[in-house]
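The lines below spell out each chain.
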Amino acid sequence: MRCALGLIMHKLGINFYDAEESKEGLVYLLKAFELLDSLSDSLKLRHLNVIQDLYNHIAIISSDRD
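Here the structure is a predicted model, which is why all the values come from computation and not from measurement. (Residues numbered from 1 in each chain as written. Predicted model: local features only at pLDDT ≥ 70, side-chain atom pairs only at ≥ 80, totals over all residues. Heavy atoms only, no water.)

1. Let's talk about the pattern of salt bridges
As a reminder of what qualifies: A side-chain nitrogen of Lys or Arg and a carboxyl oxygen of Asp or Glu constitute a salt bridge if their distance falls within 4 Å.
For the coordinates displayed, the defined rule picks out one salt bridge. Of the charged contacts in the structure, one is a salt bridge between Lys 44 and Asp 37, with a shortest N-O distance of 3.4 Å.

In structure tokens form, the structure reads like this:
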């Protein structure tokens, strides 16, 4: 359940970021990161690309650049 909720939060965060609402997007991306980070290692490996995308978008928002 945490995995599915993390993936949904990831999509919501990306949508907020694309709509130029960076602060709300960052909130959802951080929630997604917390949820996905709490998964077992095998599930983390299965969703490695999503986790990499989370790192990327969090860094972009944190550095205030597009």
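2. As for the packing of helix α1 (residues 2-18) against helix α4 (residues 48-62)
Let me state the cut-off plainly: Only the contacting stretch of a helix is used when fitting its axis, a line to C-alpha atoms as for every element, and angles between N-to-C directions run 0 to 180 degrees. Per the convention used, a helix needs a DSSP run of H or I reaching at least four residues, while a strand needs a run of E reaching at least two, with both numbered from the N terminus. Here is the rule for handedness: rotate from the far helix to the near one, and if that takes an anticlockwise turn smaller than a right angle the crossing is left-handed, while a clockwise turn gives right-handed. Residue contacts follow a heavy-atom distance rule, with two residues in contact if any of their heavy atoms lie within 4.5 Å. Residues are grouped as follows: Ala, Val, Leu, Ile, Met, Phe, Trp, Tyr, Cys and Pro are nonpolar; Asp, Glu, Lys and Arg are charged; all remaining types, including Gly, are polar.
Relative to each other, α1 and α4 sit at 35°, their axes nearing to 11 Å. Judged by the sense of rotation from one axis to the other, the crossing of α1 with α4 is left-handed. Where α1 approaches α4, its residues Leu 7, His 10, Ile 14 and Tyr 17 are matched on the opposing element by Val 50, Asp 53, Leu 54, His 57, Ile 60 and Ile 61. Tallied by class, residues from the contact of α1 with α4 come to seven nonpolar, two polar and one charged.

3. Thoughts on the packing of helix α2 (residues 22-37) against α4
For the pair α2 and α4, interaxial distance at closest approach is 10 Å and the crossing angle is 145°. By crossing handedness, the relation of α2 to α4 is classed as left-handed. Counted together, Ser 22, Gly 25, Leu 26, Leu 29, Leu 30, Ala 32, Phe 33 and Leu 36 of α2 and Val 50, Ile 51, Leu 54, Tyr 55, His 57, Ile 58 and Ile 61 of α4 form the full contact between these two elements. Looking at the contact of α2 with α4, its residues break down into 12 nonpolar, three polar and no charged.

4. Points about the nonpolar core
Threshold: The criterion is simple. A nonpolar core is a set of buried Ala, Val, Leu, Ile, Met, Phe, Trp, Tyr and Cys residues joined through side-chain atoms within 4.5 Å. Each residue's exposure class comes from its accessible area (1.4 Å probe, protein chains only) as a fraction of the maximum for that residue type: buried when under 20%, exposed when over 50%, partly exposed otherwise.
Counting residues in each nonpolar core, the largest one holds 15 residues, and the members touching the most others are Leu 29, Leu 36 and Leu 54. For this core, the secondary structure elements donating two or more residues are α1, α2 and α4. By residue number, the principal contributor to this core is α4, which donates six residues. Discounting chain neighbours no more than four positions away, the residues touching Leu 29 are His 10, Gly 13, Ile 14, Leu 54, His 57, Ile 58 and Ile 61.

5. Observations concerning a nonpolar patch on the surface
Selection criterion: Patch rule: a residue counts if its relative accessible area is over 30% and it has no salt bridge; like charges are joined within 9 Å, and nonpolar side chains (Val, Leu, Ile, Met, Phe, Trp, Tyr) within 5 Å. Note on areas: Shrake-Rupley, 1.4 Å probe, and residue coverage restricted to the protein chains presented here.
Where nonpolar side chains cluster on the molecular surface, the patch consists of Leu 5, Ile 8 and Leu 12 and spans about 240 Å² of accessible area. Counting through the fold element by element, Leu 12 comes out in helix α1. The partly exposed category is assigned to Leu 12, whose relative accessible area is 32%.

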